[in-house]
Amino acid sequence: MSGKHLDQTTAIERAKLDSGRLRKSQASLVILQGAEIGRDFRLRRGSMVLGRGLVADIRILDDLASREHARIELAWDAQTESAAFRLFDLGSTNHTFVNSRQIDRTDLKDGDKIQIGDTVLKFVLLDDIEARFHAEVRSRITFDQLTGLLTKESLFMALEQELRRCDRYAAPLAVLMMDLDRFKSVNDTHGHLMGSHVLSEVGRLIRESIRTVDVSGRYGGEEFVSYLPEAPLVGAHQVAERVRSAIEGHPFTLDGTTIRVTISIGIALFPDHGKEIKVLVARADSALYRAKESGRNRVCVEPKD
């Protein structure tokens with residue numbers, strides 16, 4: 001075959017090329033601000049209730065949300081084969097807002113931002129390719145693959161929003177800086193597979209030990225950060241002790257080998273120790289250093305200025 005033929009582009013009918021995958025056929029709500037930032041909810045035909053209660057189809061972990069706060073309904077036009085998603089406020093205490101405007105009922109458009117309490121969700125219409133792409137991006141960027149916690153970047157983005165809210169309402173917040181004790185020896189003695197297993201389990205134990213409104217992320221390596229909205233010192237210390245105790249008491253077993261691991265934790269408080277992320281993390285890290293220096297496997301609180 002000549003080079004001329006090898007360089008030709010094959011032509012096919014457009015109808016065959018466009019298989020329908022590029023139609024905006026999937027609708028989702030993505031949390032832009034709130035306790036579960038980055039999470040998305042696929043909308044289905046019928047009716048879905050948004051709210052704080054256990055019976056809600058889409059649970060909003062926000063104290064300012066009503067138990068049954070709002071409802072989304074899909075209206076389907078069989079003739080045009082098109083769907084319209086309608087949002088209804090259900091007589092909520094703190095109302096429902098779309099693009100900063102209070103609504104009782106409205107048709108949602110692609111990109112609309114819905115605010116329920118302090119939680120903001122974005123309404124998006126995706127085709128099949130976009131849906132797969134966004135799912136992959138969220139999985140890789142929003143959450144750390146090994147621990148299941150937020151990445152450092154995503155955690156700081158969420159914390160920035162939460163600090164603004166706490167500053168506006170004069171509410172407290174605690175930052176926990178956590179570091180596994182002598183983790184290097186785990187990798188050196190038992191190998192990196194055991195090390196990865198420990199990090200994965202620690203991520204799970206942290207998620208199970210904190211409150212539903214608290215947010216945790218992997219800071220890097222064997223370091224973790226959690227922030228606890230509206231948590232005074234006593235409450236923050238209780239949460240930190242639950243994390244420490246859960247990890248201390250957990251047998252980490254892989255391929256018949258069981259090891260024990262401990263964690264040290266430092267606590268800083270907003271606004272006592274600062275109002276900016278870098279300052280609060282630095283103060284929590286200072287308290288963590290003292291926990292390490294005083295024997296490890298303990299919780300230390302940064303002293304007040």
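No experiment lies behind these values; they were computed from the predicted model shown. (Residues numbered from 1 in each chain as written. Predicted model: local features only at pLDDT ≥ 70, side-chain atom pairs only at ≥ 80, totals over all residues. Heavy atoms only, no water.)

Peer 1: Any chance you could explain the environment of Arg71 here in plain terms?
Peer 2: Among the secondary structure elements, Arg71 is positioned in strand β5 (residues 70-77). Spatially, the C-alpha atoms of Arg71 and Phe88 are 5.1 Å apart, while their sequence positions differ by 17 residues. What Arg71 contacts, discounting residues up to four positions off in sequence, is Ser47, Met48, Val49, Leu50, Arg86, Leu87, Phe88 and Leu90. At 2.7 Å, the side chain of Arg71 and the side chain of Glu73 are in polar contact. (Helix = DSSP H or I, 4+ residues; strand = E, 2+ residues; numbered from the N terminus. Contact = heavy atoms within 4.5 Å. Polar contact = N/O pair within 3.5 Å; in protein donor to acceptor, adjacent residues only side chain to side chain.)

Peer 1: What am I meant to see in the side chain of Arg218 here?
Peer 2: One can find Arg218 in strand β13 (residues 215-220). Beyond its immediate chain neighbours, meaning those up to four positions away, Arg218 contacts Asp144, Leu146, Thr147, Leu149, Leu150, Thr151, Lys152, Leu199, Glu223 and Phe224.

Peer 1: Please clarify how the sheet that holds strand β11 (residues 119-126) should be interpreted in this entry.
Peer 2: Consider a sheet: its strands pair through backbone hydrogen bonds, and that pairing is either parallel or antiparallel. Pairing within the open sheet is antiparallel, and its 6 strands lie in the order β2-β1-β11-β10-β7-β8. Every interior strand has two partners, whereas the edge strands, β2 (40-42) and β8 (101-103), have only one. Taking each pair of neighbouring strands and ignoring which way they run, the sheet shows an average axis angle of 30°. As judged from the 4 bridges shared by strand β10 (residues 113-116) and β11, these two strands associate in the antiparallel manner. Counted as the bridge partner of Gln115 is Val120 from β11. (Pairing = 2+ DSSP bridges. Axes fitted to C-alpha atoms, helices over the stretch in contact; angles between N-to-C directions.)

Peer 1: Quick question: what am I supposed to make of the packing of aromatic side chains here?
Peer 2: Two measures describe an aromatic ring pair: the distance that separates the ring centres and the angle between the ring planes. This structure, assessed with the given rule, holds 2 aromatic pairs. Ring geometry for Phe156 against Tyr219: centres 6.2 Å apart, planes inclined by 45°, an arrangement best described as tilted. Pair noted here: Phe156 is in helix α4 (residues 152-169) and Tyr219 is in strand β13, with a separation of 63 residues, a long-range link. Above the plane of the ring of Phe88 lies Arg71, whose end atom (NZ or CZ) is 5.0 Å from the centre. One Lys or Arg, Lys152, reaches over the ring of Tyr219 and ends 4.5 Å from the middle of that ring. (Phe/Tyr/Trp six-rings, centres within 6.5 Å; stacked < 30°, edge-to-face > 60°. Lys NZ or Arg CZ within 6 Å of the ring centre and 35° of its normal.)

Peer 1: Could you clarify how one ought to interpret the packing of α4 against helix α8 (residues 277-293) in this entry?
Peer 2: As a packed pair, α4 and α8 sit with axes 11 Å apart at the nearest point and diverge in direction by 105°. Accordingly, the angle class assigned to the pair α4 and α8 is roughly perpendicular. For the pair α4 and α8, contact is made by Phe156, Leu159, Glu160 and Leu163 and by Ile277, Leu280 and Val281, respectively. (Parallel < 35°, antiparallel > 145°, perpendicular 65-115°, else oblique.)

Peer 1: Which parts of the structure should I look at to understand helix α5 (residues 183-190)?
Peer 2: All buried positions along α5 are accounted for by Phe183, Val186 and Asn187. An end-on view of α5 places all buried positions within 90° of arc, on one side of the element. Along α5, exposed side chains directed more than 90 degrees from the buried face belong to Lys184, Asp188 and Thr189. Its buried side turned inward, α5 meets β12 (173-180), α6 (192-209) and β16 (257-259). (Buried < 20%, exposed > 50% of the residue type's maximum accessible area, 1.4 Å probe, protein only. Arc of directions from axis to C-beta.)

Peer 1: Would you take a moment to explain the sheet that holds strand β17 (residues 263-270) for this structure?
Peer 2: A sheet is described by the order of its strands in space; here 5 strands give the open sequence β13-β14-β12-β17-β18, paired in mixed fashion. Both edges of this open sheet fall to β13 and β18 (299-301), since each of them pairs with a single strand only. Strand-to-strand twist of the sheet, defined as the mean angle between neighbouring strand axes without regard to direction, takes the value 20°. Against the sheet, α4 makes contact with β12, β13, β14 (223-229) and β17, and its axis sits at roughly 25° relative to β14, the strand it touches most.

Peer 1: Where do I start with the side chain of Ser209 in this structure?
Peer 2: As for its placement among the helices and strands, Ser209 is situated in helix α6. Ser209 sits in the buried class, given a relative accessible area of 9%. Separated by 2.7 Å, the side chain of Ser209 and the backbone oxygen of Leu205 make a polar contact. Setting aside anything within four residues of it in sequence, one finds Ser209 in contact with Val239, Arg242, Val243 and Ala246.

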